[in-house]
There are 2 protein chains.
Amino acid sequence: MTTMQEQTDLTIDFATMSNQIMERVDVLALHTEQEGMMTRTYLTAAHRGAAGQIAAWMRDAGMTVRRDASGNVIGRYEGTDPGSPLLMTGSHFDTVRNGGRYDGPLGILLPIGCVAEWNRQGKRFPFAVEVVAFCEEEGVRFKAPLLGSRAIAGTFDTRVLDNVDDQGITMHEAMLGADLDPVHLPTAAVARGKIAAFVEVHIEQGPVLQEEGLALGVVTAISGATRYMLELEGVAGHAGTVPMMSRHDAAMAGAEIALFIEKRCNAAPGLVGTVGQFTVPNGAGNVIPGRAIMSIDIRAGEDTLRVAAADDITMEIERICARRGVRANVKKTYEAVSVGCADWLQQRWTASLQRHGCAPRSLPSGAGHDGMIIAAIAPIAMLFVRCGNGGISHNPAETMTAEDAALASRVFVDFVENFEVPAAGQA
Amino acid sequence: MTTMQEQTDLTIDFATMSNQIMERVDVLALHTEQEGMMTRTYLTAAHRGAAGQIAAWMRDAGMTVRRDASGNVIGRYEGTDPGSPLLMTGSHFDTVRNGGRYDGPLGILLPIGCVAEWNRQGKRFPFAVEVVAFCEEEGVRFKAPLLGSRAIAGTFDTRVLDNVDDQGITMHEAMLGADLDPVHLPTAAVARGKIAAFVEVHIEQGPVLQEEGLALGVVTAISGATRYMLELEGVAGHAGTVPMMSRHDAAMAGAEIALFIEKRCNAAPGLVGTVGQFTVPNGAGNVIPGRAIMSIDIRAGEDTLRVAAADDITMEIERICARRGVRANVKKTYEAVSVGCADWLQQRWTASLQRHGCAPRSLPSGAGHDGMIIAAIAPIAMLFVRCGNGGISHNPAETMTAEDAALASRVFVDFVENFEVPAAGQA
């Protein structure tokens, strides 16, 4: 009995751990601005309450906790000696309005649970483990995203301090109200080279893993994106009196463009194209649309794929509009190259997956994440965990299972326990 | 000289007449609610001013003028004897907001000009000619169209008297304010059989005649129409994370439906289909549309053509949505059968056209007109006059030429001078 007890103490009960992770996700979800909804935006009372709760769990897990100048909550689990290199992990604890509870918190609470077990076992690594609860990623309150990771990467654009929320409060005022002095923001920055690796556990926010019956996936890259706003100008006319062949219908041109985008992006796996906005301004049932406005969003893990698709789409817009006698005003509103996950980190994740009987599956992240900012100062990688409900996210219907949380915890523990800080200049 | 003078007196100077018609159109356009725009809605000061002006021109032309209980201004040019049958013509003098000046007034001012010449010549016919200036056709102020013709046809729905304008004034109040007592509305009705024929001269409001280089056309029918509102419900999702093959994009389904409507209506001349409204409610560039709303308007001069197209379109909506996993809620919001113009009247118009060197061209009217209401009590027909600017109408850019007005006047005079009241039961 005694021997068995001792043996149990040195293994981890992942079922119990994952249940605690799921319970803590639910507890954190109580910190919300809107009753009955999951809304927690930067520096609101709900947000500060969540920060305090996370800090308490970090301390319980045996970490020393600090809050940086942007409001990131950082728990440090010291390595074998104080000068140890640093493995950083974490995710964000802000949310979109009426969002889901796993988007972000999973990547904070899962590592905290693992650290608690290492701490219980008295296990230390030749590197420190820091769990960062990023204060702001979604960009909801002040229309500026990724504030926490930008503070750490040293790329915080202080012009956004003047941004105002819906109540007219500036970010600057909100920070002072939360005892954060923007003057100290530079102190949050971490020098390039100080972080051996940054890894993030996150729900997939898509349907791929669920559709393939896989619990976990290794992220290859955070997709680059190209966005356009397209204004089409045709000729308005009476719906009853203008024959089909004489029309210059802006909405029909838009419909044809939308279907081309769909077809073109269908042609290559890993490429997606979306027309999220489509409007006929002042449209009336009996008037042929003289104008139509649509958004175009093209993403891919591989930049060449995205750029080729964007080129084809803009060329096809010209062709469709020329044929229809419709004028197109194409405005590129955003372009970001893809941020690759480090190959050696992807290989380590894949090895951990395989040691736990998981099929190796790599996929790009179509959504943005803090890692794409941290990539400026450290190699990054991500582990995706399967979502339920067809991958729905940014929505109360977002879900995942405790079983998947347990498996992700096993793989995370495996990854960290087998992690080796690369020799200088090697990664 | 004397002989020539006498001969000139018995012919009509159509160039001068058409110039006067065009000048009067411009004078009438000064009666507007909005400076710099052509807006004249039911019973406003501008509308009452226009009615007074029209009545004065009718009197100048030798007509006796009455105002009926709905506000129609009716000029009567008596026949050879007081019991003569009645040939009725006319059009409306209300407008849409910021509309064109010829839509309606042409069909009032052109016949007044012709009557003035007959009066000058002392010419009488074995039938009376009444020129009706219909008070309301567009339905702008009280969201109820064709009020003047409904009053004459005896189909005025008195429930619309409670309709309010943008200022909250009921139609009932507006009528009393204009010295019209709604109680007397039934007195405006004309018994079936009392009107030998109703004919209307109107601008085409479409591009067909202009494209074919023809000044005039004979209307075959006022098109029937079927209208739907279509609500599509797919699955919203993250624009970056849901692969193309896993999507249930409501807007893409809508785009495919729109293009099918276009293709289907292209397949048959005289058939038109329009998606005038297309919206993704709360659409965002980075969200796959979970909902889309679109209007569908299908029209044709021949009902069988329209019904077959509407059937095909609703079936295709089902097929497209089933394939895409999108739910369609199709609501028919309006259906009206086509109103045919009387064959014998079309033949008389065509004969008049040919006597003046015009190619005989028949075409349906895709827009509604007062004739479709008057058809309940009398045979109807219409003469279309070519529009400029690609047929644009309901717009300040609406235009037509004095030359076409002159030719239309010649044809109108020819039509009336050759008109024969059909024997009872013959038409």
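Just so we're clear, the structure is a prediction, and the values are computed from it rather than from any experiment. (Residues numbered from 1 in each chain as written. Chains lettered and ligands numbered in written order. Predicted model: local features only at pLDDT ≥ 70, side-chain atom pairs only at ≥ 80, totals over all residues. Heavy atoms only, no water.)

Asks: Sorry, what's going on with unusual backbone geometry here?
Replies: Residue and element names in this part refer to chain A. Here Asp-179, not a glycine, exhibits a phi torsion of approximately 60°, which is positive. Along the chain, the position of Asp-179 falls in the loop between helix H6 (171-177) and strand S5 (195-203). Overall, Asp-179 belongs to the exposed group, its relative accessible area being 67%. (Helix = DSSP H or I, 4+ residues; strand = E, 2+ residues; numbered from the N terminus. Buried < 20%, exposed > 50% of the residue type's maximum accessible area, 1.4 Å probe, protein only.)

Asks: What exactly am I supposed to notice about the pattern of salt bridges here?
Replies: Residues and elements named next belong to chain A. Inspection of the entire model under this criterion finds 52 salt bridges over all chains. Across the salt bridge formed by Glu-212 and Arg-361, the nearest N and O atoms sit 2.7 Å from each other. One end of the pair, Glu-212, is in helix H7 (residues 208-212); the other, Arg-361, is in the loop between helix H10 (343-355) and strand S15 (362-365), and 149 residues separate them in sequence. Overall, Arg-361 belongs to the partly exposed group, its relative accessible area being 24%. Through salt bridges with shared partners, a single ionic network connects Arg-66, Arg-76, Glu-78 and Glu-130. (Salt bridge = Lys/Arg side-chain N within 4 Å of Asp/Glu carboxyl O.)

Asks: Help me understand the packing of helix H3 (residues 45-60) of chain A against helix H4 (residues 106-121) of chain A, please; the structure alone is not making it clear to me.
Replies: Two quantities define a packed helix pair, namely the angle between the helix axes and the distance between the axes. Residue and element names in this part refer to chain A. At a minimum axis separation of 9 Å, H3 and H4 run at an interaxial angle of 20°. When the axes of H3 and H4 are compared, the pair comes out roughly parallel. By crossing handedness, the relation of H3 to H4 is classed as left-handed. Mapping the contact onto sequence places Ile-54, Trp-57 and Met-58 in H3 and Ile-108, Leu-109 and Ile-112 in H4. For the contact of H3 with H4, the per-class residue count stands at six nonpolar, no polar and no charged. (Axes fitted to C-alpha atoms, helices over the stretch in contact; angles between N-to-C directions. Parallel < 35°, antiparallel > 145°, perpendicular 65-115°, else oblique. Left-handed = near helix turned anticlockwise from the far one by under 90°. Contact = heavy atoms within 4.5 Å. Nonpolar A, V, L, I, M, F, W, Y, C, P; charged D, E, K, R; others polar.)

Asks: Explanation requested: the relation of the copies chain B and chain A in the structure shown.
Replies: Note: a rotation about an axis with an accompanying shift along it relates these two copies of the chain. Mapping chain B onto chain A calls for a screw motion: a turn of 180° about the axis and a shift of 0.0 Å along it, with 0.1 Å RMSD after fitting. The transformation relating the two chain copies, once decomposed into turn and shift, fits a two-fold axis. Most of the interface of chain B is mirrored in chain A, where 100% of its interface residues are also at the interface. (Least-squares fit on C-alpha atoms with pLDDT ≥ 70 in both.)

Asks: What am I meant to see in H3(A) here?
Replies: Note on helix geometry: an α-helix contains 3.6 residues per turn, so any two residues three or four positions apart are oriented the same way. Residue and element names in this part refer to chain A. Here H3 is 16 residues long and its end C-alpha atoms lie 23 Å apart, about the 22 Å a rise of 1.5 Å per residue gives. All buried positions along H3 are accounted for by Ala-46, His-47, Ala-50, Ala-51, Ile-54, Ala-55, Trp-57 and Met-58. Here the buried face of H3 lies against helix H2 (14-28), strand S1 (64-67), strand S2 (73-77), H4 and strand S4 (128-134). A positive phi of about 90° marks Gly-62, the residue just after H3. (Expected span 1.5 Å × (residues − 1).)

Asks: What's the story with the environment of Glu318(B) in this structure? I'm lost.
Replies: All names here are of chain B. As for its placement among the helices and strands, Glu-318 is situated in helix H9 (residues 303-324). By relative accessible area, which is 60% here, Glu-318 ends up exposed. Along the sequence, Glu-318 and Asn-329 sit 11 residues apart, while their C-alpha atoms lie 9.7 Å from each other.

Asks: Help me understand the side chain of Ser149(B), please; the structure alone is not making it clear to me.
Replies: Residue and element names in this part refer to chain B. By secondary structure assignment, the location of Ser-149 is in helix H5 (residues 147-153). For Ser-149, the side chain forms a polar contact with the main-chain oxygen of Leu-146, separated by 3.3 Å. If we ignore the near neighbours within four places in the chain, the residues touching Ser-149 are Phe-134, Asp-370, Ile-373 and Ile-374. (Polar contact = N/O pair within 3.5 Å; in protein donor to acceptor, adjacent residues only side chain to side chain.)

Asks: Would you explain the interface of chain B and chain A in this entry?
Replies: One widely used convention gives an interface's size as the accessible area the parts lose upon coming together. In this complex, chain B contributes 48 residues to the contact, which on the side of chain A involves 48 residues. Of the roughly 3,900 Å² buried between chain B and chain A on both sides combined, carbon and sulfur atoms contribute 62%. If you sort the residues of chain B by the area they bury against chain A, Met244(B), Met252(B) and Phe278(B) come out on top, with a joint share of 15%. Counting across the chain B and chain A interface gives two salt bridges. Of the charged contacts in the structure, one is a salt bridge between Arg324(B) and Glu262(A), with a shortest N-O distance of 2.7 Å. (Buried area = accessible area lost by both parts, 1.4 Å probe.)

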